[in-house]
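Inside the fold
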Amino acid sequence: RWLGTPTWADALLLEPRDDLPPDDRGFGCKVASFWGVKGGVGRTTALAHVAALLSRRSAKVLALDLDLDSPGLVASLAEPERDGTRPRFEDLVRLAADPEVADADLRREIEKALRPAKERGIRAEVLGPAYADASFVHSLLGTLSPTALYRGPTLRRLVRLAIEATAADIVLVDARSGYCDESAMAVLDLCDEVVIFSSPAPSVFASLSPAIEALERCRLATGLPRLCHFVAGMLPAGAEAQARVLSELPAVVYAARASLKKILKINPKQIPPNISPIQIFYSTHIIKNNNILLTKT
């Protein structure tokens with residue numbers, strides 16, 4: 001239905017369909033993407049905490065870093081590199097793009113590249129760039145460029161085989177911020193659910209409306225993503241300021257949804273349920289928690 005991978009602009013042109021296409025991703029578990037219009041609002045930190053929380057509830061988690069401009073998930077969640085013998089992420093992508101490479105061979109390389117979570121007792125494994133050195137930065141112009149990675153089946157194949165290698169119950173994807181090709185792939189093409197982060201600023205709230213429309217149009221045309229969560233990250237100090245932010249964000253979502261109802265002529269029964277803001281408290285500095293990701297409070 002798309003020529004290659006969807007872009008945000010593609011999604012804004014979609015129309016509802018009665019005959020939703022089959023899910024052809026080939027994934028055996030749920031994939032949730034963490035995304036936001038801008039960075040620096042705690043998205044990666046929140047993903048690390050959610051991975052820890054889900055694993056403590058007996059879920060096997062695969063955490064995948066696709067924020068390739070600023071990879072940080074491996075450093076936040078995984079055991080540090082010790083011997084430097086693991087396959088590099090860009091090498092895995094190169095193998096996934098090669099149809100001559102057998103799935104079994106690629107799966108073995110993925111197994112070598114996976115990193116266990118640094119905290120004991122957490123059933124989570126991490127896949128992604130370990131560090132942005134010169135070799136990695138060069139690969140952003142080649143192997144990891146949007147043209148190479150986000151056009152065609154390469155990334156789907158890599159995710160599918162990583163799920164098989166880890167027997168994951170859920171995949172948490174750290175997606176690049178903004179309306180770019182990379183985030184479109186991670187959010188529109190890979191995920192069942194999306195967790196949308198916003199900083200507490202009216203200008204950023206307003207820029208969420210195109211994302212809400214794109215995601216809703218995508219859901220009505222393809223069936224995915226099935227669910228969206230909205231998070232106001234980095235709340236300001238003071239109860240009054242926090243209350244204002246937590247009321248403004250749902251108001252933006254309600255307004256965008258009401259507009260879509262008219263444009264797309266959506267049946268009210270198809271509208272998702274009302275929004276209930278929930279405050280989540282966690283330390284933004286894992287090291288200050290004695291390497292324990294989730295605090296008891």
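The following paragraphs examine the structure supplied in this document.

Each value, and the rule that gives it
- Residues numbered from 1 in each chain as written.
- Predicted model: local features only at pLDDT ≥ 70, side-chain atom pairs only at ≥ 80, totals over all residues.
- Heavy atoms only, no water.
- Helix = DSSP H or I, 4+ residues; strand = E, 2+ residues; numbered from the N terminus.
- Buried < 20%, exposed > 50% of the residue type's maximum accessible area, 1.4 Å probe, protein only.
- Contact = heavy atoms within 4.5 Å.
- Areas by Shrake-Rupley, 256 points an atom, 1.4 Å probe, with all protein chains shown as cover.
- Arc of directions from axis to C-beta.
- Phe/Tyr/Trp six-rings, centres within 6.5 Å; stacked < 30°, edge-to-face > 60°.
- Core = buried A, V, L, I, M, F, W, Y, C linked by side-chain atoms within 4.5 Å.
- Pairing = 2+ DSSP bridges.
- Axes fitted to C-alpha atoms, helices over the stretch in contact; angles between N-to-C directions.
- Expected span 1.5 Å × (residues − 1).
- Parallel < 35°, antiparallel > 145°, perpendicular 65-115°, else oblique.
- Left-handed = near helix turned anticlockwise from the far one by under 90°.
- Nonpolar A, V, L, I, M, F, W, Y, C, P; charged D, E, K, R; others polar.

1. Side note on the overall build of the chain
The secondary structure content of the chain amounts to 12 helices and seven strands. Across the 297 residues that make up the chain, the buried fraction comes to 50%. Long-range pairs, those at least 24 residues apart, make up 81% of the contacts in the chain between residues at least 6 apart in sequence. Per element, the accessible surface of the chain, about 14,300 Å² overall, is 54% carbon and sulfur.

2. Considerations on the environment of F89
If you trace the backbone, F89 turns up in helix 4 (residues 89-96). The spacing of F89 and L114 is 25 residues in sequence and 9.8 Å in space, taken between C-alpha atoms. When neighbours within four sequence positions are excluded, F89 is seen to be in contact with L64, D65, L66, L68, L127, G128, P129, L144 and L158.

3. Some words on the environment of V61
Position of V61 relative to the elements: it lies in strand 2 (residues 61-66). Taking relative accessible area as the criterion, V61 reaches 0% and is therefore assigned buried. For the pair V61 and V171, spaced 110 residues apart in sequence, the C-alpha to C-alpha distance is 5.9 Å. Discounting chain neighbours no more than four positions away, the residues touching V61 are A51, L54, S55, R123, A124, E125, I170 and L172.

4. Let's talk about helix 5 (residues 103-113)
An α-helical turn contains 3.6 residues, so a residue and the one three or four places further along point in the same direction. For helix 5, the complete set of buried residues consists of L106, I110 and A113. Along the long axis of helix 5, the arc covered by the buried residues comes to 60°, so they all point the same way. Tucked into the core, helix 5 has its buried residues touching helix 4, strand 3 (115-116), strand 4 (124-127) and helix 8 (154-166).

5. As for unusual backbone geometry
With an omega of -5°, the peptide bond running from L224 to P225 counts as cis. Its location among the elements puts P225 in the loop between helix 11 (208-222) and strand 7 (227-232). The residue S58 is not glycine, and still its phi comes out positive at about 75°. You can see S58 is positioned in the loop between helix 2 (43-56) and strand 2. A positive phi angle is found at A167, which is not glycine, with a value near 55°. By the element assignment, A167 lies in the loop between helix 8 and strand 5 (170-175).

6. Side note on the environment of A241
Along the chain, A241 falls in helix 12 (residues 239-264). Once the C-alpha coordinates of A241 and P200 are considered, the two residues, 41 residues apart in sequence, prove to be 9.4 Å apart.

7. Remarks on the packing of aromatic side chains
Describing an aromatic ring pair means giving the distance of the ring centres and the angle of the ring planes. Under the criterion given, the structure shown has four aromatic pairs. Following the ring pairs from residue to residue traces out a cluster consisting of W8, W35 and Y179.

8. Re the nonpolar core
If you look at the biggest cluster of nonpolar residues, it comprises 64 residues, and the most contacted ones within it are W8, W35, F89, I110 and L127. By size, the runner-up hydrophobic cluster in this structure holds 22 residues, among which are A48, A78, I122 and A124.

9. Side note on the sheet that holds strand 6 (residues 193-198)
An order of 3-4-2-5-1-6-7 is seen for the seven strands of this open sheet, with the pairing classed as mixed. Bordering the open sheet on either side are strand 3 and strand 7, each of which pairs with just one other strand. In the sheet, strand 2 pairs with strand 5 via six bridges, with the strands oriented parallel. Residue A63 lies in a different strand from strand 5, and its bridge partner there is L172. Running at roughly 155° to strand 2, helix 8 makes contact with strand 2, strand 4 and strand 5 of the sheet.

10. A short note on the pairing of strand 5
For strand 5, the buried fraction is high: six of the six residues fall into the buried class. Taken together, the five bridges between strand 1 (residues 30-36) and strand 5 define a ladder with parallel strand orientation. In the sheet register, S33 faces strand 5, and the bridge partner there is V173.

11. Topic: helix 11
An ideal rise of 1.5 Å per residue puts 21 Å on 15 residues; helix 11 measures up with 21 Å between its terminal C-alpha atoms. In terms of residue burial, helix 11 counts as a mostly covered element, since 12 of its 15 residues are buried. Taken together, the buried positions of helix 11 are occupied by L208, A211, I212, A214, L215, E216, R217, C218, R219, L220, A221 and T222.

12. Some words on the packing of helix 4 against helix 5
The packing of two helices is summarised by the inter-axis angle and the distance between the axes. Look at helix 4 against helix 5: their axes get within 10 Å of each other, and the N-to-C directions meet at 165°. Comparing their axes, helix 5 and helix 4 come out roughly antiparallel. For helix 4 against helix 5, the interelement crossing comes out left-handed. Across the interface between the two elements, L92, L95 and A96 of helix 4 pack against L106, E109, I110 and A113 of helix 5. Its residues assigned to classes, the contact of helix 4 with helix 5 comprises six nonpolar, no polar and one charged.

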